[in-house]
Amino acid sequence: MRVTFQAGVNNTTNGTALGAAGEDVVVHKVIIGLPVASADLRLYTSTNPVNESATDLAWFMTLPATLGGSSQSYPFETVIDFGPQGLPLRDGGNFQQDQICNTTIIWGLKGEV
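These numbers were taken from a predicted model, which means no experiment stands behind them. (Residues numbered from 1 in each chain as written. Predicted model: local features only at pLDDT ≥ 70, side-chain atom pairs only at ≥ 80, totals over all residues. Heavy atoms only, no water.)

*Asks:* Give me the lowdown on the side chain of Asp 98, citing residues and values where you can.
*Replies:* Turning to its location among the elements, Asp 98 is positioned in the loop between strand S8 (94-97) and strand S9 (103-109). Although Asp 98 lies buried, it forms no salt bridge, and the closest oppositely charged side chain, Arg 42, sits 5.3 Å away as judged by the N-O distance. There is a polar contact of 2.7 Å between the side chain of Asp 98 and the backbone nitrogen of Asp 40. Residues in contact with Asp 98, not counting those within four places in the same chain, are Val 9, Asn 11, Ser 38, Ala 39, Asp 40 and Glu 52. (Helix = DSSP H or I, 4+ residues; strand = E, 2+ residues; numbered from the N terminus. Buried < 20%, exposed > 50% of the residue type's maximum accessible area, 1.4 Å probe, protein only. Lys, Arg positive; Asp, Glu negative; His and termini not counted. Salt bridge = Lys/Arg side-chain N within 4 Å of Asp/Glu carboxyl O. Polar contact = N/O pair within 3.5 Å; in protein donor to acceptor, adjacent residues only side chain to side chain. Contact = heavy atoms within 4.5 Å.)

*Asks:* Account for the pairing of strand S6 (residues 78-81), naming residues and giving values.
*Replies:* Taking every second residue as pointing to the same face, the buried face of S6 carries Thr 78 and Ile 80, while none of Val 79 and Asp 81 on the other face is buried. Bridge count between strand S3 (residues 25-32) and S6: 4 bridges; the pairing is antiparallel. Among the inter-strand pairings, Ile 32 is bridged to a residue of S6, identified as Thr 78. (Pairing = 2+ DSSP bridges.)

*Asks:* Kindly report on the packing of aromatic side chains, identifying the contributing residues and their values.
*Replies:* Going through the model one piece at a time under the given rule, you end up with 1 aromatic pair. Measuring from centroid to centroid gives 5.6 Å for Trp 59 and Phe 82, while their planes differ by 85 degrees, and the two rings are edge-to-face. Residue Trp 59 is found in strand S5 (residues 57-62), and its partner Phe 82 is found in the loop between S6 and strand S7 (87-89); the two are separated by 23 residues along the sequence. Residue Trp 59 is classed as buried on the basis of its relative accessible area of 14%. (Phe/Tyr/Trp six-rings, centres within 6.5 Å; stacked < 30°, edge-to-face > 60°.)

*Asks:* Residues and numbers for the sheet that holds S8, please.
*Replies:* If you trace the 4 strands from one edge of the open sheet to the other, you get S2-S8-S4-S5, paired in antiparallel fashion. Both edges of this open sheet fall to strand S2 (16-17) and S5, since each of them pairs with a single strand only. Pairing of strand S4 (residues 40-44) with S5 involves 5 bridges; the strand directions are antiparallel. Across the sheet, Arg 42 pairs through a bridge with Phe 60, a residue of S5.

*Asks:* I'd love a proper account of the pattern of salt bridges, names of residues and values included.
*Replies:* The full count for this structure, using the stated rule, is 3 salt bridges. Arg 2 is the salt-bridge partner of Glu 112, the closest N and O atoms lying 2.6 Å from each other. Residue Glu 112 is found in the segment after S9, and its partner Arg 2 is found in strand S1 (residues 2-6); the two are separated by 110 residues along the sequence. Here Glu 112 falls in the partly exposed class, since its relative accessible area comes to 35%. A salt bridge links Asp 56 to Arg 90, with the nearest nitrogen and oxygen atoms 3.6 Å apart.

*Asks:* Please give an account of the nonpolar core that cites residues and values.
*Replies:* Among the nonpolar cores identified, the biggest contains 20 residues, and Leu 18, Val 27, Val 30, Leu 43, Trp 59 and Phe 82 are the most heavily contacted of them. Listed by contribution, the elements that provide at least two residues to this core are S3, S4, S7 and S9. No other element matches S3, which puts 4 residues into this core. Sequence-distant contacts of Trp 59, that is, excluding residues within four places in its chain, are made with Val 30, Leu 41, Arg 42, Leu 43, Ile 80, Phe 82 and Leu 87. (Core = buried A, V, L, I, M, F, W, Y, C linked by side-chain atoms within 4.5 Å.)

*Asks:* Describe the environment of Val 25, naming the residues involved and giving the relevant values.
*Replies:* Take Val 25: it is sitting in strand S3. Judged by its relative accessible area of 1%, Val 25 is buried. Along the chain, Val 25 and Trp 107 lie 82 residues apart, while their C-alpha atoms are 7.0 Å from each other. Residues contacting Val 25, with those up to four places away along its chain left out, are Leu 18, Gly 19, Leu 87, Pro 88, Leu 89, Gly 92, Gly 93, Trp 107, Gly 108, Leu 109 and Lys 110.

Structure (structure tokens):
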């Protein structure tokens, strides 16, 4: 298991690569430590997707706008669990978010325990 933490906005800088190009990655969980109203979170099947591209998009989530203004957030974390098989991402994988959500990605390479 590997862990990647992304505190700030990274959707304008092509996100954060998980594995290396050509590696098959499996994402097990996404833990949003500071859910923010209307935040967009994305996982890609590429190490270097163009900013907020729909190409190679594997998973997309927009948090509810009903959280309040952009400065308000839930006082607790949100966990997205992709189950025992995880979410497979080919070609290294990448994570992007457009708000400061303090997000942790629990992942590994295909075949790792």
